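Commentary on secondary and tertiary structure
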Amino acid sequence: MTTLLDLYEYAENQGIDVDWIPLEQATSLSIPLPDGSYAIAVNPWKLDTLEQETVCLAHELGHCKTGSFYNRHAALDIRQKHENRADKWAIQHLIPVEDLDEAVAGGCEDIPALSEHFCVTEDLMRKAVCWYTHGNLAAEMYA
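Residues numbered from 1 in each chain as written. Predicted model: local features only at pLDDT ≥ 70, side-chain atom pairs only at ≥ 80, totals over all residues. Heavy atoms only, no water.

Once that is clear, we can look at the packing of aromatic side chains. Evaluated as defined, the whole model comprises three aromatic pairs. Ring geometry for Trp 20 and Trp 45: centres 6.4 Å apart, planes at 80°, overall edge-to-face. One end of the pair, Trp 20, is in strand E1 (residues 17-20); the other, Trp 45, is in the loop between strand E3 (38-42) and helix H2 (50-66), with 25 residues separating them in the sequence. On the accessibility criterion, Trp 20 (49% relative accessible area) is partly exposed. (Phe/Tyr/Trp six-rings, centres within 6.5 Å; stacked < 30°, edge-to-face > 60°. Helix = DSSP H or I, 4+ residues; strand = E, 2+ residues; numbered from the N terminus. Buried < 20%, exposed > 50% of the residue type's maximum accessible area, 1.4 Å probe, protein only.)

So, in structure tokens, the structure goes:
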């Protein structure tokens, strides 16, 4: 299972700079840099739990590793496409399908139990179940 510390180590090994910065509006953001590297800013003061920080960092790493960036002028459907790519990367790294199957077989049968088992938010767990079950991230049906 991937932990928050694993994610910070992964970022460091990949040459992705992660800084804690008090952001005005966002909890986090990631950007490509002119030299081809990436940087992530996380505002840990806006994150209440370890689960939120874990999901937040994994999501931003997902943007970096999939090249899924957009600017503020991008159409909403383009933004959503890039957000979904980042979420899918986070899901695959935090909740691999084999591990999810094992957790369910071991007795974790609902979203709260699964999210606690994987140390992720219930929102990401709903998306993971939806992704692995239906091939999309339309997790509203599990809310």
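Here the narrative resumes, following the displayed structure.
Note that Asp 19 resides in strand E1. A sequence separation of 24 residues divides Asp 19 from Asn 43, and the C-alpha atoms of the two residues are 8.5 Å apart. Every residue in contact with Asp 19, bar those within four places of it in the chain, is listed here: Ile 40, Ala 41 and Val 42. (Contact = heavy atoms within 4.5 Å.)

What follows deals with helix H3 (residues 76-94). With 19 residues, H3 extends 26 Å between its outermost C-alpha atoms, agreeing within 8% with the 27 Å of an ideal straight helix rising 1.5 Å per residue. Along H3, the residues classified as buried are His 82, Ala 86, Asp 87, Trp 89, Ala 90, Ile 91 and Leu 94. Packed against the buried residues of H3 are helix H1 (4-13), H2, helix H5 (111-118) and helix H6 (122-134). (Expected span 1.5 Å × (residues − 1).)

Take the pattern of salt bridges next. As enumerated under the stated definition, the model contains three salt bridges in all. Residue Lys 127 pairs with Asp 87 through a salt bridge whose shortest N-O separation is 2.8 Å. Here Asp 87 lies in helix H3 and Lys 127 lies in helix H6, a separation of 40 residues in the sequence. Assigned by exposure class, Lys 127 and Asp 87 land together as buried. The salt bridge involving Glu 122 is made with Arg 126; its shortest N-O contact spans 3.8 Å. (Salt bridge = Lys/Arg side-chain N within 4 Å of Asp/Glu carboxyl O.)

Turning our attention to the nonpolar core. Counting 31 residues, the largest nonpolar core has Ile 40, Leu 61, Leu 94, Ile 95, Phe 118, Val 120 and Met 125 as its most contacted members. Of all elements in the fold, only H1, E3, H2, H3, helix H4 (97-105), H5 and H6 reach the threshold of two or more residues within this core. (Core = buried A, V, L, I, M, F, W, Y, C linked by side-chain atoms within 4.5 Å.)

On the basis of which strands lie adjacent, the open sheet formed by three strands has the order E1-E3-E2 and mixed pairing. Both outer strands of the open sheet, E1 and strand E2 (28-32), are each paired with one neighbouring strand and no more. Pairwise comparison of adjacent strand axes, ignoring direction, gives a mean angle of 15° for this sheet. Alignment of E1 against E3, held across four bridges, turns out to be parallel. Looking at E3, one finds that Asp 19 is bridged to Ala 41. Across the sheet, H2 touches E1, E2 and E3, and the angle it forms with E2 is around 20°. (Pairing = 2+ DSSP bridges. Axes fitted to C-alpha atoms, helices over the stretch in contact; angles between N-to-C directions.)

At a minimum axis separation of 11 Å, H4 and H5 run at an interaxial angle of 125°. Regarding the angle of H4 to H5, the classification is oblique. Taken as a pair, H4 and H5 cross one another with a handedness that is right-handed. Of the residues in H5, those in contact with Asp 99, Leu 100, Ala 103 and Val 104 of H4 are Leu 114, His 117 and Phe 118. Looking at the contact of H4 with H5 residue by residue, the class counts come to five nonpolar, one polar and one charged. (Parallel < 35°, antiparallel > 145°, perpendicular 65-115°, else oblique. Left-handed = near helix turned anticlockwise from the far one by under 90°. Nonpolar A, V, L, I, M, F, W, Y, C, P; charged D, E, K, R; others polar.)

In short, geometric facts, not functional conclusions.
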